[in-house]
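# Summary of the model geometry
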Amino acid sequence: MDLTYTPEEEEFRARLRTWLAGVLPALPPKPSPHDWPARRAYDLGWQRMLYDAGYAGLHWPVDAGGRGATPTQHLIYLEETEKAGAPYVGANFVGLLHAGPTIASEGSAGQRARWLPPVLRGEEVWCQGFSEPDAGSDLASLRTRALRDGDDYVVSGSKIWTSHAEVADWCELLVRTDPAARKHRGITWLAMPMDAPGITVRPLRTLAGSTEFAEVFLDEVRVPVANRVGAENDGWRVTMVTLSYERGTAFVGEVVACRRVLSEVAREARKNGRWDDAVLRRRLGGLNAEFRALWRLTQWNVSEAQSTGGGPGVGGSVFKLRYSHARQELFDAAAEVLGPEALDLGRDWTLDRLSSLSYTIAAGTSQIQRNIVAERILGLPKGR
């Protein structure tokens, strides 16, 4: 693992810092977290600024519209934008971090030309239609069916926890195209237009009061066969590409954010007198070591990807597994520092604590990540 930065990488960091310092003060106020149309507009506006400055799709291949930056440059970008307090990807999350890289890797030339430029320019939003009411952690047991009818698939079924469905233009959708095949072998990856007839979206309100997820009901929705990414019934392999990006790089910026929050929690503890508690100090010190280790693990994963020329590997599961729990531990410690104020939903870190509960479920549960680590890294036999 190479933890040093080249002069070119340090020059890239300096240029990025200068640009951020110039544009961030001019950004409009962030909209209400409950106003998703306004949030969509805000997030797309920021994405357009990144595009115009040459930072959109930084690590995407050049032939996919990106800059072809190295994984290390991408890591620098994530670190510096988070430190500067730049907007997060928000409604662009699925398009930029899941669907886009998958299409760049697995899509045809025509598919890349149609779908990737609007994502990079901040013109279209994607949502993720993977999980179902009876197929969450066991994603391969999904039952949403797609029957071939000429040049279309006719799709019926339902999805749940569909990120940003109410403001999305497209959905990366997993469907079952061969019900007679073994469950991993009969799945296909489709790009579904969200304005197609037969789609019903019902937002779900989370514990924190937000509605970034939804139920999506599909009643004989016609999706062109041309919107299939990869071969028919090869969707499970394509999905593994998607999930490698979700688990490998999608949470990197959040590690930087957690290190910043940890410093703020320590300052709050010193201010309100809770720093005198030696057990609390030990707890915060342990978290500091935890997040420093997670950052080194991130660098290791990026260094490996750079040396092999590939995308995120199974090491992303190790990162995602430990990060999910460390984040929960961080905001539990924040609640301890706040005391009774931790019950105030308007107080810093309270909503973060509620949302942290989902991290051991989202992007693959911790149980699934442990299975991946056991079987694919340690070579242990599959459980029965």
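To keep things clear, this report deals only with the structure shown in the data block. A quick note: this is a predicted structure, and the numbers were derived from the prediction, not measured.

It is worth spelling out helix α4 (residues 93-106) at this point. In this model, α4 (14 residues) spans 19 Å end to end at C-alpha, consistent with the 20 Å of a helix rising 1.5 Å per residue. In α4, a bend of some 40 degrees at A99 exceeds every other bend along the element, and P101, a proline, comes one to four places later. Most of α4 is tucked away, with twelve of its 14 residues classed as buried. Among all positions in α4, only F93, V94, G95, L96, L97, H98, A99, G100, P101, T102, I103 and A104 are buried.

A word on empty space enclosed by the protein. Using the criterion set out here, one finds two cavities of 30 Å³ or more in the structure. If you go around the second largest cavity, the residues you meet are F331, A334, A335, L338, A342, W349, T350 and R353. Considering every element that reaches the lining of the second largest cavity, the biggest residue donor is helix α9 (residues 315-338), with four residues. Partitioning the lining of the second largest cavity into residue classes produces six nonpolar, one polar and one charged.

This part takes up the environment of L78. When you line up the elements, L78 lands in helix α3 (residues 71-83). A C-alpha to C-alpha distance of 9.8 Å links L78 and V255, two positions 177 residues apart in sequence.

Counted by the stated rule, this structure contains nine aromatic pairs. A centroid spacing of 6.3 Å and a plane angle of 55 degrees characterise the contact between Y88 and F93, whose relative ring orientation is tilted. The partly exposed category is assigned to Y88, whose relative accessible area is 37%. Classification of F93 as buried rests on a relative accessible area of 15%. Their ring planes at 85 degrees and their centres at 5.9 Å tell us that W161 and F213 sit as a pair that is edge-to-face. Linking W161 in the loop between β3 (152-159) and β4 (170-176) with F213 in strand β7 (residues 213-224), this pair joins segments that are 52 residues apart in sequence. Members of the aromatic cluster, connected to one another through ring pairs, are F12, W19, W46, Y55 and Y77. Just above the ring of Y5 sits the side chain of R13; from NZ or CZ to the centre is 4.8 Å. Residue placement shows R148 over the ring face of Y153; its charged tip is 5.8 Å from the ring centre.

What counts as what
The numbering scheme is per chain: residues are counted from 1 as the chain's sequence reads. In view of the model being predicted, local features appear only for residues whose pLDDT reaches at least 70, and side-chain atom pairs are presented and counted only at 80 or more, with totals across whole chains, interfaces and linings using the full set of residues. Calculation of side-chain values draws on the structure's entire complement of heavy atoms; hydrogens and water are dropped beforehand. Secondary structure elements follow DSSP: runs of H or I no shorter than four residues count as helices, runs of E no shorter than two count as strands, and numbering proceeds from the N terminus. Every helix has an expected span of 1.5 Å times one less than the residues it contains. The quantity called bend is, for any residue, the angle between two axes fitted respectively to the seven residues ending at it and the seven beginning at it. Only protein chains enter the area calculation, which uses a 1.4 Å probe; residues under 20% of their type maximum are buried, those over 50% are exposed, and those in between are partly exposed. We place a 1 Å grid over just the protein atoms. Points where a 1.4 Å probe fits but has no way out form a cavity, open points with protein on both sides within 12 Å along at least 5 of 7 lines form a pocket, and any residue with an atom within 4 Å of a point lines it. Grid points are joined across faces, edges and corners, and a volume is the space filled by probe spheres set on the points. In this classification, Asp, Glu, Lys and Arg are treated as charged, Ala, Val, Leu, Ile, Met, Phe, Trp, Tyr, Cys and Pro as nonpolar, and every other residue, Gly included, as polar. By convention, a stacked pair of Phe, Tyr or Trp rings (six-membered ring in the case of Trp) has centres within 6.5 Å and planes under 30 degrees apart, an edge-to-face pair has planes over 60 apart, and any other such pair is tilted. Charge-over-ring contacts are defined here by two conditions on Lys NZ or Arg CZ: a distance within 6 Å of the ring centre and an angle within 35 degrees of the ring normal.

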